[in-house]
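Descriptive structure summary
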Amino acid sequence: MFDAVPQIVQQIFKAHGTKHHFVRHQHICTAGEAATHLYFVEKGRIAITKESVGGKELTLCIATKNDCIGESILFTPLITYPLSAKVLDCCTIFSISKEQLEHELSENLAALRECLTWIQIQRMREQTKLRDLLLYGKKGALSSTLIRLANSYGEVQPNHSIQISEKFTHSELASLCATSREVVNRLLQELKKEKVISEENGYLTIHRLDYLQQFCECEQCVEFLCRIN
């Protein structure tokens with residue numbers, strides 16, 4: 001329902017934007033750079049990250065098809081990007097200048113209303129994720145991340161387990177949990193021994209979702225809030 005940029009806003013990007021192709025490991029924008037453009041993802045996966053001065057990296061979300069990058073600069077005095085966007089898979093995006101998008105939205109109140117609703121949903125997602133990362137320890141953070149991956153990429157199997165259709169390396173999971181790869185490796189091994197999850201060819205499958213929910217005190221919030229993108 002609120003997973004993608006509203007269609008009316010997508011049309012603005014495609015009608016007035018410029019199409020680009022990026023390959024794995026390229027940066028679309030970097031925190032601290034001049035905030036001049038916003039980006040609409042046509043295909044691919046992009047990690048939206050924040051790095052500390054010491055080099056620690058937190059992945060706040062994974063932008064995928066029909067997502068927007070840089071929406072936090074809209075109608076604000078921000079002059080630099082607060083976050084970085086790093087390509088995980090080859091992607092195709094549309095870029096549009098901040099000034100032009102603000103002008104187009106100001107001229108189209110229906111588009112502006114839908115865009116603001118979508119941005120508010122994004123902020124609520126970030127707040128719930130940060131709550132889980134800060135309050136429930138490393139196991140709770142990993143449990144929350146796995147639940148969000150299941151809601152974003154999960155495919156229910158005949159035995160009611162949930163297979164995550166995208167591959168995530170342990171380093172990528174660690175960045176999503178704001179912890180180290182070694183900690184994630186240890187926690188994943190514990191979950192495998194307890195038959196909560198399994199992993200085959202790099203794909204994770206969740207067998208006991210309720211077990212994960214108890215570690216992050218799951219509030220059973222609406223699914224569109226509990227996502228990784």
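In case you missed it, the structure is sitting above this.
So, here's what we can say about the structure. (Residues numbered from 1 in each chain as written. Predicted model: local features only at pLDDT ≥ 70, side-chain atom pairs only at ≥ 80, totals over all residues. Heavy atoms only, no water.)

Topic: helix α5 (residues 170-177)
As a reminder, the rule being used: Think of it in three bands: residues with accessible area under 20% of the maximum for their type are buried, residues over 50% are exposed, and the middle band is partly exposed, with areas taken using a 1.4 Å probe on protein chains only. Secondary structure elements follow DSSP: runs of H or I no shorter than four residues count as helices, runs of E no shorter than two count as strands, and numbering proceeds from the N terminus. Whether two residues are in contact is decided by their heavy atoms: any pair within 4.5 Å suffices.
By the criterion of burial, α5 is predominantly enclosed, with six of the eight residues buried. Taken residue by residue, α5 has Glu-172, Leu-173, Ala-174, Ser-175, Leu-176 and Cys-177 as its buried positions. Tucked into the core, α5 has its buried residues touching β5 (57-63), α3 (109-135), α4 (137-153), α6 (181-193) and β12 (203-206). Two residues or fewer after α5 comes Ala-178, characterised by a positive phi angle close to 60°.

Re the packing of aromatic side chains
Note the cut-off: The rule is short: rings of Phe, Tyr and Trp, with Trp giving its six-membered ring, pair when the centres are within 6.5 Å, and they are stacked under 30 degrees, edge-to-face over 60, tilted in between.
Counted under the stated rule, the structure contains three aromatic pairs. When the ring of Tyr-153 is compared with that of Phe-168, the centres are 5.7 Å apart and the planes differ by 50°; the resulting orientation is tilted. In this pair, Tyr-153 sits in helix α4 while Phe-168 sits in the loop between β10 (162-164) and α5, placing the two residues 15 residues apart along the sequence. Each member of the pair, Tyr-153 together with Phe-168, is buried.

Some details on the side chain of Ser-143
Note that Ser-143 resides in helix α4. Apart from residues lying up to four places away in sequence, Ser-143 is in contact with Leu-212 and Phe-215.

Regarding the sheet that holds strand β9 (residues 154-156)
Spelled out, the test is: Two strands qualify as a pair provided that DSSP identifies no fewer than 2 bridges between them. Axes here mean lines fitted to C-alpha atoms, for a helix over just the part in contact, with angles spanning 0 to 180 degrees between N-to-C directions.
With antiparallel pairing, four strands are arranged side by side in an open sheet as β9-β10-β12-β11. Bordering the open sheet on either side are β9 and β11 (197-200), each of which pairs with just one other strand. Recorded for the sheet is a direction-independent mean angle of 25° between the axes of neighbouring strands. In the sheet, β10 pairs with β12 via two bridges, with the strands oriented antiparallel. Bridging from a neighbouring strand, Gln-163 pairs with Thr-205 of β12. Each of β9, β10, β11 and β12 touches α4; the most contacted strand, β10, lies at about 85° to it.

A look at the pairing of strand β8 (residues 91-97)
Summarising burial for β8: seven of the seven residues are buried, a large majority. A two-sided burial pattern is seen for β8, the buried positions comprising Cys-91, Ile-93, Ser-95 and Ser-97 on one face and Thr-92, Phe-94 and Ile-96 on the other. Note that strand β1 (residues 18-22) and β8 share five bridges and pair antiparallel. Note that in β8 the partner of Lys-19 across the bridge is Phe-94. Taken together, the six bridges between strand β3 (residues 37-43) and β8 define a ladder with antiparallel strand orientation. Pairing of His-37 across the sheet is with Ser-97, part of β8.

So, the pattern of salt bridges
The cut-off we apply is this: By convention in these notes, a salt bridge is any Lys or Arg side-chain nitrogen within 4 Å of a carboxyl oxygen on Asp or Glu.
This structure, assessed with the given rule, holds 14 salt bridges. When the shortest N-O distance is used, the salt bridge between Arg-45 and Asp-89 registers 2.7 Å. With a gap of 44 residues between them, Arg-45 in the loop between β3 and β4 (46-51) and Asp-89 in the loop between β7 (84-87) and β8 connect regions that are remote in the sequence. Looking at Asp-89, the relative accessible area reads 28%, which means it is partly exposed. The closest approach of N and O atoms between Lys-192 and Glu-199, which form a salt bridge, is 2.7 Å.

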